Structures are given as C-alpha cells and as structure tokens.
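# Structural characterization, general
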There are 2 protein chains.
Amino acid sequence: MSLSLKPGFSFGGHLQRLYPEENLSRETVFLENSDEYWMTQALSKSMENGCAANPNPSVGCVVVSNNNIISSGCTEIWGGKHAERVAFECLKEGELAGTTVYVTLEPCTHVGKQPPCVELFRNKGIAKVIIATEDPNPIVSGKGIQQLKEMGIECKVGVLKTEVQAWLSPFFIQQLNKRPFIALKWAQSLDGCFADDHDGWQWISGIQSRKYTHWLRQKYDAILIGVGTLLNDFPSLDVREIQNQYKRNPLKIIYDPFGKIFRCTEQEQEKLNEKSFKMGTKQIILINSRILLDEQEKNSKWFQSLKNNKNFLLQKLKDKSENKVTGIIVESLKGKEIDEFFGRPLQSILIEGGPRLLSVFLQEKMYDVLHVFIAPFFLGGEKHKLFSNKQRTIVPYFFRDVSQVERMKIVLQEKLGNDILLEMVQEY
Amino acid sequence: MSLSLKPGFSFGGHLQRLYPEENLSRETVFLENSDEYWMTQALSKSMENGCAANPNPSVGCVVVSNNNIISSGCTEIWGGKHAERVAFECLKEGELAGTTVYVTLEPCTHVGKQPPCVELFRNKGIAKVIIATEDPNPIVSGKGIQQLKEMGIECKVGVLKTEVQAWLSPFFIQQLNKRPFIALKWAQSLDGCFADDHDGWQWISGIQSRKYTHWLRQKYDAILIGVGTLLNDFPSLDVREIQNQYKRNPLKIIYDPFGKIFRCTEQEQEKLNEKSFKMGTKQIILINSRILLDEQEKNSKWFQSLKNNKNFLLQKLKDKSENKVTGIIVESLKGKEIDEFFGRPLQSILIEGGPRLLSVFLQEKMYDVLHVFIAPFFLGGEKHKLFSNKQRTIVPYFFRDVSQVERMKIVLQEKLGNDILLEMVQEY
C-alpha cells in the first residue's frame, strides 16, 4: 500500500462525513462532477453502516446519471447484500442505461453468501464503471474488471485508490497477510502523558477527538486493553455518539497474562459489573497457559461467574517462547475457536492501551496504523507515558539513538476541535 | 488578537512563499482577483526582505490595475522606505489613477525616519485602498484610514487581518505591551525528547522544518539559548538556506546566570571560537549581578577577550527577587543600553532552548507563540525533555492535574516534509 492520503481522508474514511457541521481545516475540494467528486460520494456512502459488513469490505456505490446520483448503496451487515446490489435494486427496469456507476471496490466474481456482483452489470446498458481499487486477493484481483470489459462496459480504475484502501485496510491486510489488522490508538499531551500522575481518570482530548474514537470502535471488530487499564479505569469501551443503521459494539479483549482479573477485590468486581461488563458484550480474557489458581480461587463465585458466562472466553496465550509478546497475542487471537466465539472471522483489533501495552506493540512494530491524538498542553507527569521507566514489567528497556531511529510516515494530520489527530504507518 | 489562521498562513507568513516547490497539504485557495487573493500577494511581498525592517513592521503593498499587479513593494531595512513608497516609486506619473492598492498595514500618518505614507495617496486618482489591519498603536490607529477617506478614496479594512497580524505580531506586541515579543521554538520526538540520552547532537526534524527555523531566525531580532546548550552543542545559530536582499543574522543572547562561560575549558573556548562565535555577530551574555570571579579568572585571557570584544555585551540580570525568572530575563533585555548595543530597538526574541530554559518560559507562561516541530518517532530517553525530573536546577517541580490544565490554542498545523509543525498561542 502506497500511502499518501489527500487532505480530508483518513483511515476512518471521509472526515467530512463524520463532522458534517465542522469546518475542517483540510478538505480536498474536487471539481463538481469529476470522477473524484463522485467517488468521494461513494466512499461516504460506504461508511453508512459503520463496518457491520466485516469481514466483508464496506463498499459504497453511487449511480450517476446526468450529473445526479439516482441511486446509491452500502454493503449491508455480514451475509447481507453488497453495495452494488443495494444500489441497483432501488432502480426501475432500464434506469441503469447510460449511467456511470462509481464503486469503491472491484465487483466480486465469486459466489459467497451472495451471488457475484459483476453479473448485476450485464445487459443493463451501463455506460461506464469507475472503480477505486482492485480486489486485494491475488486470485480474483482484476477478474471483475475483466468481465466488465468483456461485457463491453468502459472501466476506469484507480480513482481515490489510496483513500479507499485506507478505509478498507483491515480487509486488505487480512487478505494479504492472513492476520488481523492492528490499529493502535491513544491520546497524549504534548509531553507524551496519557494521564497525570494522580492516576485520576480524565479526558486528555476534546469531544471531537472522542467522536472519532467511537467511530473507530465500530469500524474495528475488537478492542484490546491491558488488565491494568481495566482495573484502573473500568472503561465501558462501548460505541457512543455515533448513529448507524447497524450499530454494534466491538468485542473486548483483555490482556491479562497473570490472571489478575481472577484475583480482583470485591469492590473491583462490583465496578467491573457496573461499568465494564454492563453492556453484555463479548469479552476474551487472554491468560498465560501456565497460570496457577489455588482451589479457593477456582471455587470462588467470581471465577465461576467468569468461567460460566457464555459472553466470556478465557483464552490461553499460545506458548511459543521464541515469539515476541505481540506475536503471541496476535497468534492467540487467530483461529476457529475465536471466530466462532465472535460470531464471524475476527478481522481487526484496535489497541487502546494503556501505555505499557501500547509500548510493546510499538517496540515490536506490530501495527498497521497509529491513531494518535495530541492535546496542546503539558502535564509533566512520569508514570503514564509510552516507554516510561516506571513500566519495565512488560516493556524491556527501550532506548533509541537518533541516528538509528525509524521514522513513521505521517499520512494524515487534522485538527479536531483543539486537538491534533495524526495517523501514521510504518514505512513499508 | 483573535487568532484562527486560515490554512497555509503562519506566524512565519504565507507558507507557500517559503516552500514554492512543495505541495503543501493545507493551502487556502482564494478566487482569482478576489481581495483575499491580492492581499495574499501583498503579504508574500512583505516577506521579501525577511524582517530587516525591524522594529518597523515589514509591510507589503501591491498595486492592481485591470486584474494585474503593476507594481509592488516591501518595507526596506530599518530607516529605509516603507512599502507604499517602494511600490509607488516604480510607477510613472498618472499610472496610479484608477488602481486598487492592497497594503497589509494602515499607511502611517506620522513623520518618522520617513515622511508619512498616507500623503503618497493624495491626488493620484487611486480608486480604492484595501488594508489588512489598522495600526496597533491606539494613538494613531485609524487615522491613516480616516485621512484616505477624507481624500475621497474608498477604503476596505480587515482582509486577511488575522493572517497579517500573525506575521506582524512582534510589532503588535511591542506596540501594545511595551516588551519584546517572545517566541519559543523546539523540535521533539512524539514522546517529547529533544535529543537521545547519549547526548550526541543530531537533527530531530527534517530539512523542510529546519528551513522554517532559519526563516524564523531572521524574522526575529535575537535568539536566546541557555549556556548549557551553548557548551553542549556549540551551535552557530546563523541563518542558512534563506535568500534575501537584506540577509541578517540575529543577535545571540546566552542565559548564563552563574557565569559558566567564563570558566570554560580551553577545549570549549576553542570550539566556541570555531563554531558559535565564528560569524562575528553580536552576543549578549546574561549573568547574575552578584556573580563572583576570582582574580585569576578575571585576569584570564579568555575573560578579557570576552570583556573587551565589542561584539560582546556582559549584561547583568536585574535583581528583583520578587519577579519570575523569565520576567527578570525579559526586563534585563529592555532598555537603551541593549538597543544601542544591538543597533536598533530589540523587538523580538526567539528562544531556542534547551529544554530546561524552555520549560521555565512555558511554566511561567512567558511567551507569545510556540513553534513546535514534532517528528514521528520515539526515543524513549529521559534527559532531554521539557519538565524532566533531571532538570530541577532551574525548573521548579512541574506537575499539572488534567482537570486544572491550561490548554494552548493551536493556530496552525502543517506537515513539513515528514514532520508536523504546530503553532500555538496562549488562550488570551
């Protein structure tokens, strides 16, 4: 993926759609009726259902006739209709004739839960199909376009390719690398603090930034946090402030190698039930395979309630000592058992912290994108920072010489409220 | 000053002028021939001489006739011609008739080193004068505009007002607050490090960011650093990579309360002569009034060479114990002796570090603007950071509770190369 996004586009899609009333500082203005203009509409449309289509790609389609959109569609929830079908079904017989169809991803050619989309284009008199990007799967990539051409339809490929690929990046990474897409997200002060040293929980970033976070929580399939963050903040990690036809809360994953959660106090148990577990969403607790609980702990009401709750999966971490910590985590979240528990293939994970866990993912370079909010103030704290000396338990000593440092590539900077959102990728 | 800059404008002026070949991510595109379009040209023109006009404002003027610029001018070096005079002198008799004149600052009405500019407009048949901002001095503010109107010339005021005020902010602050304008500048990694813990000197930011720094060094009159930075980095602090008609290097100010510089080793003396002092530019060394040197030190060749060099001024810090550290520094840089040494009134100071000195200016809120470059990598160091625990010598303990924190206001975010430039002001 070559990544240099046009202003106004992000891994969260077309920002203006998320902030319709805001005057975003950066927004690429396309000529009206240009291919880029209509493809932007198709991308915006593809965001309509959040990403309820996962692991299918959330595709958008608009049908343009005489410089007007006469129909549009977004991929439905997994197993439902694809974007082209949704868009075409709204039209009467013959209405597709002479139109230009904008679709963010090459129409599929295979029979999955739905018949192949490319067949929908046959014998409709469609003048032109504009496609943002080919299918990433090398086995089918280009086939949809080829079939369209064989039907005598003019095709143009590559309009807003990078911008659409960023939005569909979990699908692309899953197809290409056969592992879940990993996004890291945090909010920090200018001096890199996630919180002040009083340990009190307070927002670092402003309301516009938080809205983007909620949007990401439903874009990605799961949220991963460390048990320290769970027992410190008791976050609910649910999706708020976002309206969609198919609203969904992400799967929660707690990284708890030593089983701290099984030994938490009654007060903590109450708080967990009240706050973090109240939504009834599914939770995976990742624990070491060799974790030891004594008889009393095993027989405790709390342990039994976790063990017998079908919303909870106690998943043992794979035991490969040669692997990196993050490699073990990601490997342990692959496979049939996880997918069955989740209810569909797990395609993407948003890692929300705390700083200890994020530091390991950064250090081991196990990520596809960073979503970083920077709030313009200083805290002067020392505890809640990435790579802090106070976090040596899971973070091995981290220190880089400037001359040997690896710079990330900034693909987006945007001012949201009075915060800066940066999105960065590894230089690959 | 209400500060919300349009994309592409900064405290360094119109960014596109500094980076003509770069495709800046943010750039406000005005309709051709709109007032904003021509005022942007006037602002760009005003940047032509760096800020050699200081303490006079660097003003730009363009004369537009039939949608063409027929003449333009920028304020010359201090004591030289003002922008309007430069622009008008290029024109033949009668050519001003029917034109629209764009000028970034209200024409002056007083006799200074130059006769009043407003008289240049009389009886020329000028159709219209467009002005970005009134003069900040309440005694003359509005008088130039009034006189233009009395001449029967149509006036419009306020086009790109905020953008021009940012560029002219040292002049505005000096006029309004009777003290030098204070700008802080630093480059940091994402985790807030200025350098790695090996103390080796290396660029944090990329070449485009450094170009902006050089531009600022000639915008501002002086650069202030701490003696620790001087003896650690031996910086030359000169202006490179910038071409102007009137190129100038800033005055250097070394904050050295305990007179470390007088006691430096021979090797350090050599390095200073080779690197930091080689340009022959003027230097002020700020020392405590009660500093004690023994006879041997006083008679040393090194001390005598500093004392007798007319490029050096050993300036004693004012001794007001009730003041904040930064208040004492700024007070000690005001007054006739300093202005005479500098050769003109000292209007602005760029504080370039190190982190210890910058932390004090931040903590005591003694600044008008922050220029901050953020480079997208992590260092994990602990020594070279703002508000570091390892810097308690001059920084009193700094810690903020998130709930009580004062957020700065971001007025610019721009990607320069692969760095982020933020410009921030206090919320006033």
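Not measured: the values here are computed from a predicted model.

## Points about the relation of the copies chain B and chain A
- Aligned on chain A, chain B shows an RMSD of 0.0 Å; the corresponding rotation is 180 degrees and the shift along the axis is 0.0 Å. Classification of the inter-copy transformation places it as that of a two-fold axis.
- The overlap is high: 98% of the interface residues of chain B also sit at the interface in chain A, so the same surface is used on both sides.

## Structural notes on the sheet that holds strand β4 (residues 68-74) of chain A
All names here are of chain A.
- On the basis of which strands lie adjacent, the open sheet formed by 5 strands has the order β4-β3-β5-β6-β7 and mixed pairing. Looking at strand neighbours, the two that pair on one side only are β4 and β7 (154-157), the edges of this open sheet. For this sheet, the mean angle separating the axes of adjacent strands, direction not counted, is 15 degrees.
- One ladder, built from 4 bridges, connects strand β6 (residues 128-133) with β7; its direction is parallel. Each bridged residue has a counterpart across the sheet, and for Ile-130 the counterpart in β7 is Lys-156.
- Lying over the sheet, helix α4 (residues 143-150) contacts β6 and β7, oriented at roughly 155 degrees with respect to β7.

## Structural notes on the UniProt feature "domain: CMP/dCMP-type deaminase" (unreviewed entry) in chain A
- When the UniProt feature table is mapped onto this chain, "domain: CMP/dCMP-type deaminase" (unreviewed entry) is found at residues 33-147 of chain A.
- Taken end to end, residues 33-147 of chain A has its terminal C-alpha atoms 26 Å apart, with 21% of it in helix and 22% in strand.

## Observations regarding the packing of helix α12 (residues 325-332) of chain B against helix α14 (residues 355-363) of chain B
Residue and element names in this part refer to chain B.
- Viewed as axis vectors pointing N to C, α12 and α14 meet at an angle of 100 degrees, and their least axial separation amounts to 8 Å. Regarding the angle of α12 to α14, the classification is roughly perpendicular. Across from Val-325, Thr-326 and Ile-329 in α12, the residues of α14 making contact are Leu-357, Val-360 and Phe-361.
- Across the contact of α12 with α14, the residue classes break down as 5 nonpolar, 1 polar and no charged.

## What about the interface of chain B and chain A?
- Between chain B and chain A, the residue contacts involve 50 residues of the former and 49 residues of the latter.
- Both faces combined, the contact of chain B with chain A buries some 4300 Å², and carbon together with sulfur accounts for 61% of it.
- Linking chain B to chain A there are 0 salt bridges.
- Counting residues per element, the ones that place at least two in the side of chain B that touches chain A are β8 (181-189), β14 (369-375), β15 (409-416) and β16 (419-425) of chain B.
- In terms of residue count, β15 of chain B provides more of the side of chain B that touches chain A than any other element does, 5 residues in total.
- Split into classes, the residues belonging to the side of chain B that touches chain A amount to 24 nonpolar, 12 polar and 14 charged.

## Comments concerning the pattern of salt bridges
All names here are of chain A.
- For the structure shown, the criterion picks out 28 salt bridges over all chains.
- Across the pair Lys-334 and Glu-331 runs a salt bridge, and its minimum N-O distance is 3.4 Å.
- Under the relative-accessibility criterion, Glu-331 is labelled partly exposed at 25%.
- One salt-bridge network, in which partners are shared between bridges, spans Lys-185, Arg-217 and Glu-352.

## Side note on the domain arrangement of chain A
Residues and elements named next belong to chain A.
- Taken domain by domain, chain A holds domain 1 (31-167) and domain 2 (179-425).
- Using C-alpha coordinates to define each centre, domain 1 is positioned 35 Å away from domain 2.
- With both chains or domains summed, domain 1 and domain 2 bury close to 1200 Å², and 54% of this area falls on carbon and sulfur atoms.
- For the pair domain 1 and domain 2, the interface holds 0 salt bridges.
- The interface formed by domain 1 and domain 2 includes 6 residue pairs in polar contact (both at pLDDT 80 or more).
- A per-class count over the side of domain 1 that touches domain 2 returns 9 nonpolar, 3 polar and 2 charged.

## Considerations on the nonpolar core
- The biggest cluster of nonpolar side chains holds 82 residues, and the ones touching the most others in it are Leu-184 and Trp-186 of chain A together with Leu-184, Trp-186 and Leu-224 of chain B.
- In this view, Trp-186 of chain A contacts Phe-194, Leu-358, Leu-362, Leu-370, His-371, Val-372, Phe-373 and Leu-386 of chain A together with Phe-378 of chain B; residues no more than four positions away in its chain are not counted.

## Observations regarding the side chain of Asp-135 of chain B
All names here are of chain B.
- Mapped onto the secondary structure, Asp-135 falls in the loop between β6 (128-133) and α4 (143-150).
- A polar side-chain atom of Asp-135 sits 2.9 Å from the main-chain amide nitrogen of Asn-137.
- Among all residues touching Asp-135, those that are not within four sequence positions of it are Leu-105, Glu-106, Val-140, Ser-141 and Phe-171.

## A closer look at α4 of chain B
Residue and element names in this part refer to chain B.
- When we look at burial in α4, the residues that qualify are Gly-144, Ile-145 and Leu-148. One side of α4 carries all its buried residues, which in axial view fall inside an arc of 100 degrees. For α4, the exposed residues lying more than 90 degrees away from the buried face are Lys-149 and Glu-150.
- Buried residues along α4 sit in contact with β6 and β7 (154-157).
- In the stretch just after α4, Gly-152 is the one whose phi turns positive, near 85 degrees.

## A word on the pairing of β14 of chain B
Residues and elements named next belong to chain B.
- Counting buried residues along β14, 7 of its 7 residues qualify, which places the element largely inside the surrounding structure.
- Burial along β14 is two-sided: the residues Val-369, His-371, Phe-373 and Ala-375 and Leu-370, Val-372 and Ile-374 are all buried.
- Here β8 runs beside β14; their pairing, made up of 7 bridges, is parallel. Paired with Ala-187 across the strands is Phe-373, a residue of β14.

## Points about helix α11 (residues 301-308) of chain B
Residues and elements named next belong to chain B.
- Here α11 has its buried residues at Trp-302, Phe-303 and Leu-306. For α11, the angular spread of the buried residues around the axis is 100 degrees, confining them to a single face. Across α11 from its buried face, at more than 90 degrees, point the exposed residues Lys-301 and Asn-308.
- Tucked into the core, α11 has its buried residues touching α9 (266-276), α10 (295-299) and β12 (312-316).

## Side note on the side chain of Thr-281 of chain A
Residues and elements named next belong to chain A.
- Assignment of secondary structure puts Thr-281 in the loop between α9 (266-276) and β11 (283-287).
- In terms of polar contacts, Thr-281 uses its side chain to reach the side chain of Lys-252, at 3.4 Å.
- Discounting chain neighbours no more than four positions away, the residues touching Thr-281 are Asn-249, Pro-250, Lys-252 and Asn-311.

## Focus: the sheet that holds strand β3 (residues 60-65) of chain B
All names here are of chain B.
- In space, the 5 strands of this open sheet follow the order β4-β3-β5-β6-β7, with mixed pairing throughout. Edge positions in the open sheet fall to β4 (68-74) and β7, since each of these has one partner strand only. Between one strand axis and the next, the sheet turns by 15 degrees as a mean value, whatever way the strands run.
- Sheet topology places strand β5 (residues 100-105) next to β6; 5 bridges connect them, and they run parallel. Within β6, the residue paired with Val-101 across the bridge is Val-129.

## With respect to unusual backbone geometry
- A cis amide bond, omega 5 degrees, links Asn-54 of chain A with the succeeding residue Pro-55 of chain A.
- For Pro-55 of chain A, the location among the structural elements is in the loop between α2 (35-46) and β3 (60-65).

## Description of the packing of aromatic side chains
- Under the criterion given, the structure shown has 26 aromatic pairs over all chains.
- Taking 6.2 Å as the distance between ring centres and 75 degrees as the angle between the ring planes, the aromatic pair formed by Tyr-212 of chain A and Phe-373 of chain A counts as edge-to-face. With Tyr-212 of chain A in helix α7 (residues 207-219) and Phe-373 of chain A in strand β14 (residues 369-375), this residue pair connects regions lying 161 residues apart in the sequence.
- Take Tyr-212 of chain A: its relative accessible area is 0%, and that puts it in the buried class.
- Here Phe-9 of chain B and Phe-30 of chain B contribute two aromatic rings whose centre-to-centre distance is 6.4 Å and whose plane-to-plane angle is 45 degrees, an arrangement assigned as tilted.

## Describing the environment of Asn-232 of chain A
Residues and elements named next belong to chain A.
- Within the secondary structure, Asn-232 sits in helix α8 (residues 227-233).
- Overall, the relative accessible area of 43% leaves Asn-232 in the partly exposed class.
- Along the sequence, Asn-232 and Cys-108 sit 124 residues apart, while their C-alpha atoms lie 46 Å from each other.
- Among the polar contacts made by the side chain of Asn-232, one reaches the side chain of Asp-233 at a distance of 3.1 Å.

## As for the environment of Ser-276 of chain A
All names here are of chain A.
- By secondary structure assignment, the location of Ser-276 is in helix α9.
- Using a relative accessible area of 1% as the deciding quantity, one classes Ser-276 as buried.
- Taking the C-alpha atoms as reference, Ser-276 lies 5.4 Å from Pro-235; in sequence the two are 41 residues apart.
- Beyond its immediate stretch of four places on either side in the chain, Ser-276 contacts Leu-230, Phe-234, Pro-235, Ser-236, Lys-252, Lys-271 and Gln-283.
- Within the structure, the side chain of Ser-276 is placed 2.9 Å from the backbone oxygen of Pro-235, a separation counted as a polar contact.

Reading guide: rules and limits
- Residues numbered from 1 in each chain as written.
- Chains lettered and ligands numbered in written order.
- Predicted model: local features only at pLDDT ≥ 70, side-chain atom pairs only at ≥ 80, totals over all residues.
- Heavy atoms only, no water.
- Least-squares fit on C-alpha atoms with pLDDT ≥ 70 in both.
- Contact = heavy atoms within 4.5 Å.
- Pairing = 2+ DSSP bridges.
- Helix = DSSP H or I, 4+ residues; strand = E, 2+ residues; numbered from the N terminus.
- Axes fitted to C-alpha atoms, helices over the stretch in contact; angles between N-to-C directions.
- UniProt positions renumbered as here; feature names shortened; annotations may be inferred.
- Parallel < 35°, antiparallel > 145°, perpendicular 65-115°, else oblique.
- Nonpolar A, V, L, I, M, F, W, Y, C, P; charged D, E, K, R; others polar.
- Buried area = accessible area lost by both parts, 1.4 Å probe.
- Salt bridge = Lys/Arg side-chain N within 4 Å of Asp/Glu carboxyl O.
- Buried < 20%, exposed > 50% of the residue type's maximum accessible area, 1.4 Å probe, protein only.
- Domains from an automatic or database assignment.
- Polar contact = N/O pair within 3.5 Å; in protein donor to acceptor, adjacent residues only side chain to side chain.
- Core = buried A, V, L, I, M, F, W, Y, C linked by side-chain atoms within 4.5 Å.
- Arc of directions from axis to C-beta.
- Phe/Tyr/Trp six-rings, centres within 6.5 Å; stacked < 30°, edge-to-face > 60°.

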